[in-house]
Amino acid sequence: MFGSQTQRETSNGFALRRRAYWITSAISNPRPNTITSSIPKKKSTLSVKFEDMYGFTVDGNIDDVNVLNEVRDKVREQAKVWLELEASKGTNWYLQSNGDRINVVSLKLSKLANAITLKRLVRKGIPPMVRPNVWLSVSGAEKKRSTVPDSYYDDLTRATEGKVTPATRQIDHDLPRTFPSHPWLDSPEGQASLRRVLVGYSFRDSDVGYCQGLNYVAALLLLVMKTEEDAFWMLAVLLENVLVNDCYTDNLSGCHVEQRVFKDLLAKKWPRIAAHLEAMEFDVSLVATEWFLCLFAKSLPSETTLRVWDVLFNEGAKVLFHVALAIFKMKEEDLLRARQIGEVIGILQTTTHHQYDPDELLTVAFEKIGSMTTNTITKERKKQEPAVMAELDQRQRRLDTSKMNG
Amino acid sequence: MATIGNNSFNAKLVLLGDMGTGKSSLVLRFVKGQFLEFQESTIGAAFFSQTLAVSDATVKLEIWDTAGQERYHSLAPMYYRGAAAAIIVYDISRMESFERAKKWVQELQKQGNPDMVTALAGNKCDLEDKRMVPTEEAQTYAEENRLFFMETSAKTATNVNDIFYEIARRLPRAQPAQQPAGMVLSDRAAARSQASVCCS
Ligand SMILES: Nc1nc2c(ncn2[C@@H]2O[C@H](COP(=O)(O)OP(=O)(O)OP(=O)(O)O)[C@@H](O)[C@H]2O)c(=O)[nH]1
Ligand SMILES: [Mg+2]
């Protein structure tokens, strides 16, 4: 369905874009690909344009290309690991670690072992080749789909075809404005797919309807999942099970809650940064709101975003806090030196846009932050909810009186 | 809030308005001199800064370009809090966007800073053949609400620099020490209800 981009299987079964992002072999860095090797970061002035693994045009420099080449090597290594596991544990071994009907003790143990292996592996990255299947399985999307007739998605798109609602109007407005520099998303074919997914979802959940931001999320899901229907179910499971409720509805109350939780976490985990930014009267939500609503799709390079999503689908919405905290931590010194809001934003934007090495980010996210269980986060959310509701309520009332007074 | 340095000061400016009215395009035109046929939709808000020289000072505008979809409304206070100026943007080819602009005006009057310099921009004035909002109607509304009004086009660059410069000129110079004696600042909005109309 992605035209020329569907030719992606190489001989060893590792999915790789035909239009790869290395420029010449002379430029690519033939470093041995140990998974833990850290990638040197130096400034390079020569800027180049190239396409990354998912077809996005990148304006970077030679160092970025080198980093991406190393990432590609690591992905290939990971693909081997996954293939070996399939050979020893059977195809789709990861499917079992999520099932909950098996009662035999020994099976339970192997299930647990699989879950632990899976968690570790997913944090190292799911190879693009198996990504769609693993995502469908670990996120619960497959299960969700299995509760409705097979024809659900087709029926939905057929039933909603030609209908016009406020949501469809807004979707149509945003289609050409969604990653317009991506060749497939810029094509009529790509936009038609994206439209069907977004319109379909707007009818499935009329409380959400269409919320700006979902266009970027759905677009990236389409690029990964390869079929519209799979992308649709991933979007559904994301909004209905993975993320906190009401992130995208009505007045984005869920998003407000997440922002408050994030502020608290930042103050707890990185008190120096939080105090410095507070003294500057810089509200971290000014930048973090977009991160949470687009799940980093608009800020991080594609493969890095997808690596975050790998973990998000397997471990849940707390992953977003890990990653957001990691971004601040990685630039701690620079942030502490910043004196103006513009500088802070510049630092954070440059870091996110150039974070081509997913492992660098994820290592900080999962090894430097300390444990944050889903339980603690849930408690934090509960704590913040009344304040958010009160604030939104009060604001609404003030607006209503202003309307009455003219 | 405008803060003062050595005859130069920073001021926070926020752009508000319905989705797709051209807020990001106006900023992009002003800051980079570019226009994109398909400008990515803004989520949350985007930040830009631009320094400009007006007769007696250098102003560094810290510009917040916000997201336009109705439900993002609840995030807006975070962006307009402490703003010295606002540009409320509508699309002259969509009446609905003009109605939305009026709501923003009300909201700022109610909750914003009373000294805020507020501009009303009727954007996409290159689309004369699709016009739905008559110039006079918007102008009358602007005068009644003490806004200054211009019709703009991010596409053709009409009045884009003008609106930002006009804002910079009207910003109150915060510190009395910097202020030429006898200059009256409080009547700025009422006194000058200049309107500039798109010529296409
Ligand atoms: N003809 C014409 N089109 C314009 C003009 N300004 C913007 N556009 C187009 O209108 C569309 C929306 O512009 P944006 O600048 O993204 O609008 P926005 O207000 O930032 O939208 P949101 O971020 O969704 O709130 C884009 O496709 C622009 O190319 C203009 O002056 N004339
Ligand atoms: Mg915008």
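Residues numbered from 1 in each chain as written. Chains lettered and ligands numbered in written order. Predicted model: local features only at pLDDT ≥ 70, side-chain atom pairs only at ≥ 80, totals over all residues. Heavy atoms only, no water.

- Identification of chain B as Ras-related protein RHN1-like from Canna indica is taken from an unreviewed UniProt entry.
- Checking UniProt for chain B, the heading Sequence similarities (unreviewed entry) contains the comment "Belongs to the small GTPase superfamily. Rab family."
- Heading Subcellular location (unreviewed entry) of the UniProt record for chain B holds this comment: "Endomembrane system". (UniProt positions renumbered as here; feature names shortened; annotations may be inferred.)

- Per an unreviewed UniProt entry, chain A goes by Rab-GAP TBC domain-containing protein and derives from Canna indica.

What to know about the overall build of chain A
Moving on, step 1. Within chain A, the regular secondary structure consists of 19 helices and 2 strands.
Moving on, step 2. Taking as baseline every contact in chain A between residues at least 6 positions apart, the subset at least 24 positions apart corresponds to 76%. (Helix = DSSP H or I, 4+ residues; strand = E, 2+ residues; numbered from the N terminus. Contact = heavy atoms within 4.5 Å.)

Some remarks on the coordination of the magnesium ion (ligand 2)
All names here are of chain B.
Moving on, step 1. Each protein donor to the magnesium ion (ligand 2) is listed here as Ser 24 (OG) and Thr 42 (OG1); together their distances run 2.0 Å. Within this pair, whereas Ser 24 is found in helix α1 (residues 23-32), its partner Thr 42 is found in the loop between α1 and β3 (45-54), the two being separated by 18 residues in sequence.
Moving on, step 2. For Ser 24, a relative accessible area of 11% gives the class buried.
Moving on, step 3. Its relative accessible area of 13% is what places Thr 42 among the buried residues. (Donors = N, O, S within 2.8 Å, 3.2 Å for Na, K, Ca; no water. Buried < 20%, exposed > 50% of the residue type's maximum accessible area, 1.4 Å probe, protein only.)

Brief notes about the packing of helix α7 (residues 166-174) of chain A against helix α8 (residues 188-204) of chain A
All names here are of chain A.
Moving on, step 1. For the pair α7 and α8, interaxial distance at closest approach is 10 Å and the crossing angle is 155°. Compared by their axis directions, α7 and α8 come out roughly antiparallel. Regarding α7 and α8, the two cross each other, and that crossing is right-handed. Between α7, through Ala 167, Thr 168, Ile 171 and Asp 172, and α8, the contact on the second element is made entirely by Arg 195, Leu 198, Val 199, Ser 202 and Phe 203.
Moving on, step 2. Its residues assigned to classes, the contact of α7 with α8 comprises 5 nonpolar, 2 polar and 2 charged. (Axes fitted to C-alpha atoms, helices over the stretch in contact; angles between N-to-C directions. Parallel < 35°, antiparallel > 145°, perpendicular 65-115°, else oblique. Left-handed = near helix turned anticlockwise from the far one by under 90°. Nonpolar A, V, L, I, M, F, W, Y, C, P; charged D, E, K, R; others polar.)

Overview of the nonpolar core
Moving on, step 1. Among the nonpolar cores identified, the biggest contains 158 residues, and Trp309(A) and Phe328(A) are the most heavily contacted of them.
Moving on, step 2. A total of 11 residues in this core trace back to one element, the largest contributor, which is helix α9 (residues 214-225) of chain A.
Moving on, step 3. With near-sequence residues (within four places) excluded, Trp309(A) lies in contact with Trp135(A), Val217(A), Leu220(A), Leu221(A), Cys294(A), Leu295(A) and Ala297(A).
Moving on, step 4. Counting 30 residues, the second-largest nonpolar core is a separate cluster that includes Leu15(B), Ala119(B), Ala154(B) and Ile163(B). (Core = buried A, V, L, I, M, F, W, Y, C linked by side-chain atoms within 4.5 Å.)

Quick word on the interface of chain B and chain A
Moving on, step 1. Listed as interface residues are 28 residues of chain B and, on the opposing side, 42 residues of chain A.
Moving on, step 2. Between chain B and chain A the total buried area reaches about 3100 Å² when both faces are included, carbon and sulfur atoms providing 56% of it.
Moving on, step 3. Together, Glu40(B), Ile43(B) and Arg71(B) form the three largest contributors to the area buried by chain B at its contact with chain A, with a combined 22%.
Moving on, step 4. On the surface where chain B and chain A come into contact, there are 1 salt bridge.
Moving on, step 5. Put simply, Lys298(A) and Glu40(B) hold a salt bridge, and the shortest N to O gap is 2.7 Å.
Moving on, step 6. Secondary structure elements with two or more residues in the side of chain B that touches chain A: β4 (57-66), α2 (76-80) and α3 (95-111) of chain B. (Buried area = accessible area lost by both parts, 1.4 Å probe. Salt bridge = Lys/Arg side-chain N within 4 Å of Asp/Glu carboxyl O.)

Quick notes on the UniProt feature "domain: Rab-GAP TBC" (unreviewed entry) in chain A
Moving on, step 1. As annotated by UniProt and renumbered to match this structure, "domain: Rab-GAP TBC" (unreviewed entry) occupies residues 125-316 of chain A.
Moving on, step 2. Along residues 125-316 of chain A, the helical share is 66% and the strand share 0%, with 16 Å between the first and last C-alpha atoms.

Regarding α8(A)
Moving on, step 1. Helix length check: α8(A) (17 residues) gives 24 Å between terminal C-alpha atoms against 24 Å at 1.5 Å per residue, within 8%.
Moving on, step 2. Buried within α8(A) we find Gly190(A), Gln191(A), Ser193(A), Leu194(A), Val197(A), Leu198(A), Val199(A), Gly200(A), Tyr201(A) and Ser202(A). (Expected span 1.5 Å × (residues − 1).)

Re the packing of helix α13 (residues 285-294) of chain A against helix α15 (residues 318-330) of chain A
Residues and elements named next belong to chain A.
Moving on, step 1. The N-to-C vectors of α13 and α15 enclose an angle of 140°; their axes lie 11 Å apart at closest approach. The angle between the axes of α13 and α15 places the two elements in the oblique class. In terms of crossing hand, the pair formed by α13 and α15 is right-handed. Along its contact with α13, which presents Val 287, Trp 291 and Phe 292, the element α15 presents Leu 320, Phe 321, Ala 324, Ile 327 and Phe 328.

What about the packing of aromatic side chains?
Moving on, step 1. Counted under the stated rule, the structure contains 20 aromatic pairs over all chains.
Moving on, step 2. Aromatic side chains Phe179(A) and Tyr216(A) sit 5.0 Å apart centroid to centroid with 70° between the ring planes, which places their arrangement in the edge-to-face category. Taken together, the positions of Phe179(A) in the loop between α7 and α8 and Tyr216(A) in helix α9 put the pair 37 residues apart, joining distant regions of the chain. The residues Phe179(A) and Tyr216(A) share a single accessibility class, namely buried.
Moving on, step 3. Between the aromatic rings of Trp64(B) and Tyr79(B), the centroid separation amounts to 5.3 Å while the plane-to-plane angle is 45°, which identifies the pairing as tilted. Here the residue Trp64(B) occupies a position in strand β4, and Tyr79(B) occupies one in helix α2, the gap between them amounting to 15 residues.
Moving on, step 4. What makes Tyr79(B) buried here is its relative accessible area of 1%.
Moving on, step 5. An aromatic cluster of at least three residues, connected via ring pairs, comprises Phe262(A), Trp291(A), Phe292(A), Phe296(A), Phe321(A) and Phe328(A).
Moving on, step 6. Its guanidinium or amino end placed over the ring of Tyr141(B), Lys102(B) lies 5.5 Å from that ring's centre, counting from NZ or CZ. (Phe/Tyr/Trp six-rings, centres within 6.5 Å; stacked < 30°, edge-to-face > 60°. Lys NZ or Arg CZ within 6 Å of the ring centre and 35° of its normal.)

Comments concerning the site of ligand 1
Moving on, step 1. Not every one of the 26 residues close to ligand 1 is listed here, only the nearest: Arg177(A), Lys23(B), Ser25(B), Glu37(B) and Asp126(B).
Moving on, step 2. One finds residues of chains A and B in close proximity to ligand 1.
Moving on, step 3. Here Arg177(A) contributes a side-chain N or O atom positioned 2.5 Å from an oxygen atom of ligand 1.
Moving on, step 4. In the model, an oxygen atom of ligand 1 is placed 3.0 Å from a nitrogen or oxygen of the Gly22(B) main chain.
Moving on, step 5. A total of 650 Å² of accessible area belongs to ligand 1 in isolation, and the protein chains cover 95% of it.
Moving on, step 6. Examining the composition of the shell around ligand 1, we find that 3 residues originate from one element, α1(B), more than from any other.
Moving on, step 7. Considered class by class, the residues forming the shell around ligand 1 number 7 nonpolar, 12 polar and 7 charged. (Near = heavy atom within 4 Å. Polar contact = N/O pair within 3.5 Å; in protein donor to acceptor, adjacent residues only side chain to side chain. Areas by Shrake-Rupley, 256 points an atom, 1.4 Å probe, with all protein chains shown as cover.)

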